[in-house]
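Structural features, examined
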Amino acid sequence: MAGRVEGKAALVTGAAQGLGEAIARMLAREGAKVALTDLNADKAAAVAEDINRERPGAAFAYAHDVTSEDQWAEVLDRAVADMGGLSILVNNAGIGCDFVTVENDTLENWRRVQAVNVESVMLGCKHAMPHLRASAPASIVNISSIAGLVAAPNMGAYNATKAAVWLYSKTVALEAARAGWNVRCNSVHPVFIKTPILDPFVAMAGGDEELAHQKLMRGIPLKRIGEPDDVAYAVLYLASDESKFVTATELKVDGGLSAQ
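Given the structure is predicted, the values throughout are model-derived calculations rather than measurements. (Residues numbered from 1 in each chain as written. Predicted model: local features only at pLDDT ≥ 70, side-chain atom pairs only at ≥ 80, totals over all residues. Heavy atoms only, no water.)

A look at the overall build of the protein
A count of helical and extended segments in the protein gives eight helices and seven strands. Against the compact-globule benchmark of 18 Å for 260 residues, the protein has a radius of gyration of 18 Å, which places it among compact chains. Summarising its shape, the C-alpha atoms of the protein cover approximately 45 × 40 × 35 Å along the three principal directions. Out of the 260 residues belonging to the protein, those deemed buried represent 48%. For the protein, restricting intrachain contacts to residue pairs at least 6 apart in sequence, the fraction spanning at least 24 positions comes to 71%. Put simply, the protein shows about 12,100 Å² of open surface, and 53% of that area lies on carbon and sulfur atoms. (Helix = DSSP H or I, 4+ residues; strand = E, 2+ residues; numbered from the N terminus. Rg over C-alpha atoms; globule rule 2.2 N^0.38 Å. Buried < 20%, exposed > 50% of the residue type's maximum accessible area, 1.4 Å probe, protein only. Contact = heavy atoms within 4.5 Å. Areas by Shrake-Rupley, 256 points an atom, 1.4 Å probe, with all protein chains shown as cover.)

Quick look at the structure:
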């Protein structure tokens, strides 16, 4: 049986670990060729090599600073040449922020989080769009966060960037739809997922991962922390033609948190 994204070509940023790795592996298992990009080129290459052991020739890896416009253009050109096109873009690369109050936040912290979490998404959509149009039907999936829909104290920079990704995704979707390009764009909004982004919470719990997770899941109706594949399956749906009538929307992967 053919995979759910058989014959498609995807680029996933921040794919050396965590959500990006899970997404890249999921898309490859379901039939897509996948370009993995990350600042940590060696780790991205190791993941790609592992994927290729299962599906020879399915994965490619590139060093990529997602805040660099020049690198976006270069990486996309290489990926399109290697994969024969581009029909899926997953803007996953992102960072957390310092846990500070409004009064104690710094412009340096604000700009650092903005550059990685928002500007990279804009650059990806901008430079990938011509390639996606050429390979339509195509899909952009931008990884936001439940923190972009439900605010939390001491996370101003992070909240603001994830909210920006949410609304920017709608803008991209509407422009593509009105132009008749057959390129959809949606955002995914995870809650706490078992990835390295939870490390600061574990540190605040004195290094006790179980204690940290217990505290984080208190506000989640399903009473658990999410797994990377919980998000990867959501991305798979939005990347596939199963969601051909879904654009400009947000898919929450939050265990019910935002419903309260």
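Quick word on unusual backbone geometry
With an omega of 5°, the peptide bond running from Ala-136 to Pro-137 counts as cis. When you line up the elements, Pro-137 lands in the loop between α4 (107-134) and β5 (138-143). Although it is not a glycine, Asn-182 sits at a positive phi angle of roughly 60°.

So, the side chain of Thr-37
Of note, Thr-37 is situated in strand β2 (residues 33-38). What makes Thr-37 buried here is its relative accessible area of 0%. For Thr-37, the side chain forms a polar contact with the side chain of His-64, separated by 2.8 Å. Setting aside residues up to four positions removed in sequence, Thr-37 forms contacts with Leu-11, Val-12, Thr-13, Gly-14, Ala-15, Tyr-62, His-64 and Val-75. (Polar contact = N/O pair within 3.5 Å; in protein donor to acceptor, adjacent residues only side chain to side chain.)

Some thoughts on the pairing of strand β3 (residues 59-63)
The side chains of a regular strand alternate, first on one face of the sheet and then on the other. Summarising the sheet, β2 and β3 pair through five bridges and their orientation is parallel. Bridge pairing in β3 links Ala-35 to Phe-60. Handedness of the β2-helix α2 (residues 41-54)-β3 crossover: right-handed. (Pairing = 2+ DSSP bridges. Right-handed = clockwise from strand over helix to strand, strands pointing away.)

Some words on the nonpolar core
Residues Ile-23, Leu-27, Leu-36, Val-90 and Val-188 are the most contacted members of the largest nonpolar core, which totals 33 residues. Only β1 (9-13), α1 (18-29), β2, α2, β4 (88-91), β5 and α8 (228-239) provide two or more residues apiece to this core. Those residues in contact with Val-188 that lie beyond four places of it in its chain are Val-141, Asn-142, Ile-143, Ser-144, Ser-145, Val-231, Ala-234, Val-235, Leu-238, Leu-251 and Val-253. Ranked by size, the runner-up nonpolar core spans 29 residues in total, among them Val-75, Ala-93, Ala-138 and Cys-185. (Core = buried A, V, L, I, M, F, W, Y, C linked by side-chain atoms within 4.5 Å.)

A few points about helix α3 (residues 69-83)
The terminal C-alpha atoms of α3, which comprises 15 residues, lie 21 Å apart, in line with the 21 Å expected from a rise of 1.5 Å per residue. The first or second residue beyond α3 is Gly-84, which carries a positive phi of 80°. (Expected span 1.5 Å × (residues − 1).)

Some thoughts on the environment of Ala-212
Locating Ala-212 in the fold gives a position in helix α7 (residues 209-216). Residues Ala-212 and Val-202, ten residues apart in the sequence, show an inter-C-alpha distance of 5.2 Å. Other than its neighbours up to four places away in sequence, Ala-212 contacts Phe-201, Val-202 and Ala-205.

Description of a negative patch on the surface
On the surface, Asp-199, Asp-208, Glu-209 and Glu-210 cluster together to form a negatively charged patch. Mapped onto the secondary structure, Asp-199 falls in helix α6 (residues 199-204). Owing to a relative accessible area of 47%, Asp-199 belongs among the partly exposed residues under this scheme. (Patch = residues over 30% accessible without salt bridge, like charges linked within 9 Å, V, L, I, M, F, W, Y side chains within 5 Å. Salt bridge = Lys/Arg side-chain N within 4 Å of Asp/Glu carboxyl O. Lys, Arg positive; Asp, Glu negative; His and termini not counted. Charge placed at Lys NZ, Arg CZ, Asp CG, Glu CD.)

Thoughts on the sheet that holds β1
Note on sheets: strands pair through backbone hydrogen bonds, and any given pair is parallel or antiparallel. Overall, parallel pairing links the seven strands, which are arranged β3-β2-β1-β4-β5-β6-β7 in an open sheet. Only two strands of the sheet have a single partner each, and these edge strands are β3 and β7 (250-253). With strand direction ignored, the average angle separating the axes of adjacent strands in the sheet is 15°. Its contacts with the sheet put α1 on β1, β2, β4, β5 and β6 (183-190), and the angle it makes with β1 is roughly 170°. Across the sheet, α2 touches β2 and β3, and the angle it forms with β3 is around 175°. (Axes fitted to C-alpha atoms, helices over the stretch in contact; angles between N-to-C directions.)

Remarks on the packing of aromatic side chains
All told, the structure shown has two aromatic pairs when counted by the stated rule. Measuring from centroid to centroid gives 5.3 Å for Phe-99 and Phe-201, while their planes differ by 70°, and the two rings are edge-to-face. Highlighted residues: Phe-99 in the loop between β4 and α4 and Phe-201 in helix α6, separated in sequence by 102 residues. Taking the centre distance of 5.6 Å and the plane angle of 75° together, the rings of Phe-192 and Phe-201 count as edge-to-face. Judged by its relative accessible area of 23%, Phe-192 is partly exposed. What makes Phe-201 buried here is its relative accessible area of 19%. Linked through ring pairs, Phe-99, Phe-192 and Phe-201 together constitute an aromatic cluster. The cationic tip of Arg-133 hangs over the ring face of Trp-181; the distance from NZ or CZ to the ring centre is 4.2 Å. (Phe/Tyr/Trp six-rings, centres within 6.5 Å; stacked < 30°, edge-to-face > 60°. Lys NZ or Arg CZ within 6 Å of the ring centre and 35° of its normal.)

So far we have only geometry, and geometry alone does not tell us how the molecule works.
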